[in-house]
Every structure is written in structure tokens, then in C-alpha cells.
Amino acid sequence: MSHAPTQSAYLSIIAWPSHLTPPQRTEALIAAAALDPREATLAAQRPTPTIAAEIDALIADEILRVLHDHGILALAPTDDELLLDRAKPEPVTRVLRFPNTAPTTFAVDDNDEPAWTFSAEDIRLILFARVNDPRKVVTSRRPISTNADNPEPPTIIKKTSFSPLELLDIHITHNNTPRHLRLKGMRTLIRALDESDARPSLLNPENPIDLLTPHLLPHQSIDTSFKDFHPPRRMRMRAADTGSRRALHTPESFAFYSTWRLYLHNALND
């Protein structure tokens, strides 16, 4: 009789208690989840929140119980749980800010439907990152051959190059429905309505964080910690296949990070 494979869960350390030293954090992870000592040591040193390991979802509750007994705030969501409250990302053309509104009101133009508005009060989470966008480059190189009647076939060379890309994710609740706005590249700039047609300066580019932060509510901030994120194992393996550590922080990795951070935000605030 065959059994369905069990789900994995992402053992997520939200915060360490101040009295635990790094070696004690390592010991707690080993005791709770039987992690490899080297893996546990590295996880104990990373900034929180962090994914310490992928674990079997069937024993996640017991692992969390041991960590909580040490005073460690931790969660272990599965892929299904991460997707439970997630809205599909909407590739937005631009978001414009109405000046002199309190709380600040924004207008969304996404090309697929009439423009619509939301307020700073509707924002649940904002994340900004500079990622490495992979591009497959395929070239062919014809070898030098002295045999004109039987030439050697060209050699196909496949390489991955990376280019920088800015991403801004805005998770909101609009008319009691979760929505997820994703802005890319030059569209990450959220500008005042009367500045919407001004071209961004290439010599002195504006910072999306500086443009947006003054118009958020006092308790809101922009998450910029993706640069410190340690992706799940499957993403690290794909990065290893490319031979570049830059592949660790790709748009795919940021998409997972955004969903994972939203789950943590909702779990801790709801």
C-alpha cells in the first residue's frame, strides 16, 4: 500500500531570547530538530527571521514545542500554508500618490483594468529588494577544421548572466480581499500624481524607499532584509547548478521570501 509523501515545513526562527548565546542557540536547534551541527551553527548566526531548515511537517509541532520550551519564537509553515492567504502577484505598471491626503491615498494603473485606489491604511506589508535577474545566453562557436568535406559541428555554449533588478512588493487588503502588487525596475518609483510624467534621472536615480517611507503610517516600514535571506534548499541547489552565488538572490527567491514574510506577518499580527 503506497503512501503519499509527507510535506516539508520551513522551520522559521522569528527571534532568539536575549539570554541565549550563539552556542546555546546551536544546541537548541540540534536538540529540537536533530540538525547537523554545522547547519545548526550557521542557522544560529544568521539574522532573524530566518529559515533554519526544512523539516518533516509530521513532526513540526514537536520540534516547535522543544524550541518554545527554550523561549525561542518559531513557526514552521508548509507550502500549502504559505499559499493560504496569498494573492497572485499583479505586475503593476505604476502606483501614483495623491498629494495632501491623510492617510495617503494611492492610485494603481495595471493596464488590465480601470485605475483603482487604496489607502496607506490598507497596506499590510511592503518589501523592497535589489535582485539578480538571470538571463540565459546561448552562443555557438564553430571550430576551426581543415576537413572541408566533413566539418565539425559548432559547439553550443549555454551560460547564465545576471543583471540587477529592483523589486517592490506591496501586500494590501482591498475591499476585504488580499491583493499583491509587484513593481519592477523603473516602475518601483512611487511618485506624486503631478510628477507622474517626469523621467527618472539616470545619473542621480531616486530611491524608492525614500520616496515611499514618509507617506506610510507610523507603525509601517519597508522590509529591506532580502539581502540577508538564506533561501530554501531547492533554491540553493539551483544556484549551485549555475556556479554563481548571485543565483541565490533571484526574482524567484524574492517571490518566495515575499510570501514567507507575509505569512509570518499575518501569524504574528492576527
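Position numbers for residues start from 1 in each chain and track the written sequence from start to end. Under the rules for a predicted model, residues below a pLDDT of 70 receive no local features and side-chain atom pairs below 80 are neither given nor counted, while totals for whole chains, interfaces and linings still include all residues. The side-chain quantities take in all heavy atoms of the structure and omit both hydrogens and water.

**Overview of the sheet that holds strand β7 (residues 116-119)**
In a beta sheet, neighbouring strands pair by backbone hydrogen bonds and run either parallel or antiparallel. Pairing is mixed across the open sheet formed by four strands, whose spatial order is β7-β6-β5-β11. Every interior strand has two partners, whereas the edge strands, β7 and β11 (191-192), have only one. For two strands to be treated as a pair, DSSP must find no fewer than two bridges joining them. Counting from the N terminus, the helices are DSSP H or I runs at least four residues long and the strands are E runs at least two residues long.

**Observations concerning the packing of helix α1 (residues 22-33) against helix α3 (residues 60-69)**
Orientation is described by axes fitted as lines to C-alpha atoms, over the contacting stretch for helices, and by angles from 0 to 180 degrees between their N-to-C directions. At their nearest, the axes of α1 and α3 sit 8 Å apart, and the two run at 150° to each other. In terms of their interaxial angle, α1 and α3 are classed as roughly antiparallel. Crossing of α1 over α3 shows right-handed handedness. Note on element contacts: α3 touches α1 through Ile63, Val66 and Leu67, opposite Ala28, Leu29, Ala31, Ala32 and Ala33. Angle categories are assigned with fixed cut-offs, so that under 35 degrees is roughly parallel, over 145 is roughly antiparallel, 65 to 115 is roughly perpendicular, and the rest are oblique. Definitions for this section: a left-handed crossing has its near helix turned counterclockwise from the far helix by less than a right angle. A right-handed crossing has that turn clockwise. In this description, contact between two residues means that some pair of their heavy atoms is separated by no more than 4.5 Å.

**What about the pairing of strand β2 (residues 50-56)?**
As a general feature of sheets, a regular strand has side chains that alternate between the two faces. Buried, partly exposed and exposed residues are distinguished by accessible area as a fraction of the type maximum, computed with a 1.4 Å probe on protein chains only: under 20%, between the cut-offs, and over 50%, respectively. With five of its seven residues buried, β2 lies for the most part within the structure. Bridge count between strand β1 (residues 8-15) and β2: six bridges; the pairing is antiparallel. Within β2, the position partnered with Leu11 by the bridge is Ala53.

**Some points on α1**
Structurally, the α-helix is built with 3.6 residues per turn, so residues lying three or four positions apart point the same way. Helix span, as expected, comes to 1.5 Å for every residue beyond the first. Helix length check: α1, at twelve residues, gives a terminal C-alpha distance of 16 Å against a target of 16 Å (1.5 Å per residue), a fit within 8%. What α1 keeps buried is the set Arg25, Thr26, Ala28, Leu29, Ala32 and Ala33. All buried residues of α1 fall inside an arc of 160° around its axis, so they share one side. Away from its buried face, by an angle of more than 90 degrees, α1 presents the exposed residues Glu27 and Ala31. Turning to α1, the residues buried within the fold contact β1, α2 (37-45), β2 and α3. Phi turns positive, to about 55°, at Ala34, one or two residues after α1. It is the directions from the helix axis to the C-beta atoms that the arc portrays.

**A word on the pattern of salt bridges**
Salt bridge, as used here: a side-chain nitrogen of Lys or Arg that lies within 4 Å of a carboxyl oxygen of Asp or Glu. If you walk through the whole model with that rule in mind, you get eight salt bridges. Its salt-bridge partner being Arg179, residue Glu90 comes within 2.8 Å of it at the nearest N-O pair. Linking Glu90 in strand β4 (residues 89-91) with Arg179 in strand β10 (residues 177-184), this pair joins segments that are 89 residues apart in sequence. One salt bridge connects Arg182 with Asp169, and the closest N-O pair in it is separated by 2.8 Å.

**Here we look at a negative patch on the surface**
Nonpolar side chains (Val, Leu, Ile, Met, Phe, Trp, Tyr) are joined into patches within 5 Å and like charges within 9 Å, using only residues with over 30% relative accessible area and no salt bridge. Note on areas: these come from Shrake-Rupley sampling with a 1.4 Å probe, and a residue is covered only by the protein chains present in the view. We score Asp and Glu as negative and Lys and Arg as positive, and we do not count His or the chain ends. Here the site of a charge means NZ on Lys, CZ on Arg, CG on Asp, or CD on Glu. On the surface, a cluster of negative charge is contributed by Glu54, Asp79, Asp80 and Glu81. For Glu54, the position within the fold is in strand β2. For Glu54, a relative accessible area of 33% gives the class partly exposed.

**A closer look at the packing of α1 against α2**
The interhelical angle for the contact between α1 and α2, taken along N-to-C directions, is 130°, at an axis separation of 8 Å. Accordingly, the angle class assigned to the pair α1 and α2 is oblique. Where α1 crosses over α2, the handedness of that crossing is right-handed. Side by side, α1 and α2 meet where Pro22, Arg25, Thr26, Leu29 and Ile30 of the first sit next to Pro37, Ala40, Thr41, Ala43 and Ala44 of the second.

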